[in-house]
Amino acid sequence: MAHEIALALVVAGTVVVVIAALGAVVVPGDVFTRLHFVTPVTSLGGPLVGAGLCVESGQPWAIAEVAVITLLLFVSGPVLEASAARAAAQDRGVETEEQPA
């Protein structure tokens, strides 16, 4: 039963990542529009895959390692996306470096 649950979680996470990647490639728009497709990968796809790997693995240290990596991805993803958007806005002159965050 645990194998089926883990497989379902990994497949769901993979589907989210593939749909987000296809959306980033297919949807016309600038870098700001395409950055919206990165958010589901770090907020939903990665954690689903990590949860599936944790369920499948019976080793406590492997579960801890995957859980820490998944947590770091989940926490740092939105920060990296916001900083990438800010850098793109500064490159295009939409935002100056003096503006507060």
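Our structure is the block above this text.
What you see is a predicted model; the values in this text were computed from it and never measured.

## Brief notes about the overall build of the chain
Consideration 1: Each helix and strand in the chain was counted, giving four helices and zero strands.
Consideration 2: Along the chain, helices and strands appear, N-terminal first, in the series α-α-α-α.
Consideration 3: The C-alpha radius of gyration computed for the chain amounts to 17 Å, which surpasses the reference 13 Å derived for 101 residues by more than 25%, pointing to a less compact arrangement than a globule.
Consideration 4: Dimensions along the principal axes, computed over C-alpha positions, put the chain at roughly 55 × 30 × 10 Å.
Consideration 5: Within the span of the chain, comprising 101 residues, buried residues form 19% of the whole.
Consideration 6: The contacts in the chain between residues at least 6 apart in sequence include a share of 64% that link residues at least 24 apart.
Consideration 7: Summed over its atoms, the accessible surface of the chain is roughly 6700 Å², and 74% of this surface lies on carbon and sulfur atoms.

## What to know about the packing of helix α3 (residues 39-56) against helix α4 (residues 60-92)
Consideration 1: Look at α3 against α4: their axes get within 9 Å of each other, and the N-to-C directions meet at 175°. By the criterion of interaxial angle, the relationship of α3 to α4 is roughly antiparallel. Side by side, α3 and α4 meet where Thr39, Thr42, Ser43, Gly46, Pro47, Gly50, Leu53 and Cys54 of the first sit next to Ile63, Val66, Ala67, Thr70, Leu73, Phe74, Gly77, Pro78 and Glu81 of the second.
Consideration 2: Residues that form the contact of α3 with α4 fall into these classes: nine nonpolar, seven polar and one charged.

## Remarks on the side chain of Thr70
Consideration 1: Structurally, Thr70 is set in helix α4.
Consideration 2: Thr70 has contacts with Gly46, Pro47 and Gly50, leaving out every residue within four places of it along the chain.

## Here we look at the environment of Ala85
Consideration 1: If you trace the backbone, Ala85 turns up in helix α4.
Consideration 2: Once the C-alpha coordinates of Ala85 and Gly58 are considered, the two residues, 27 residues apart in sequence, prove to be 39 Å apart.
Consideration 3: Apart from residues lying up to four places away in sequence, Ala85 is in contact with Phe32 and Leu35.

Rules and cut-offs
- Residues numbered from 1 in each chain as written.
- Predicted model: local features only at pLDDT ≥ 70, side-chain atom pairs only at ≥ 80, totals over all residues.
- Heavy atoms only, no water.
- Helix = DSSP H or I, 4+ residues; strand = E, 2+ residues; numbered from the N terminus.
- Rg over C-alpha atoms; globule rule 2.2 N^0.38 Å.
- Buried < 20%, exposed > 50% of the residue type's maximum accessible area, 1.4 Å probe, protein only.
- Contact = heavy atoms within 4.5 Å.
- Areas by Shrake-Rupley, 256 points an atom, 1.4 Å probe, with all protein chains shown as cover.
- Axes fitted to C-alpha atoms, helices over the stretch in contact; angles between N-to-C directions.
- Parallel < 35°, antiparallel > 145°, perpendicular 65-115°, else oblique.
- Nonpolar A, V, L, I, M, F, W, Y, C, P; charged D, E, K, R; others polar.

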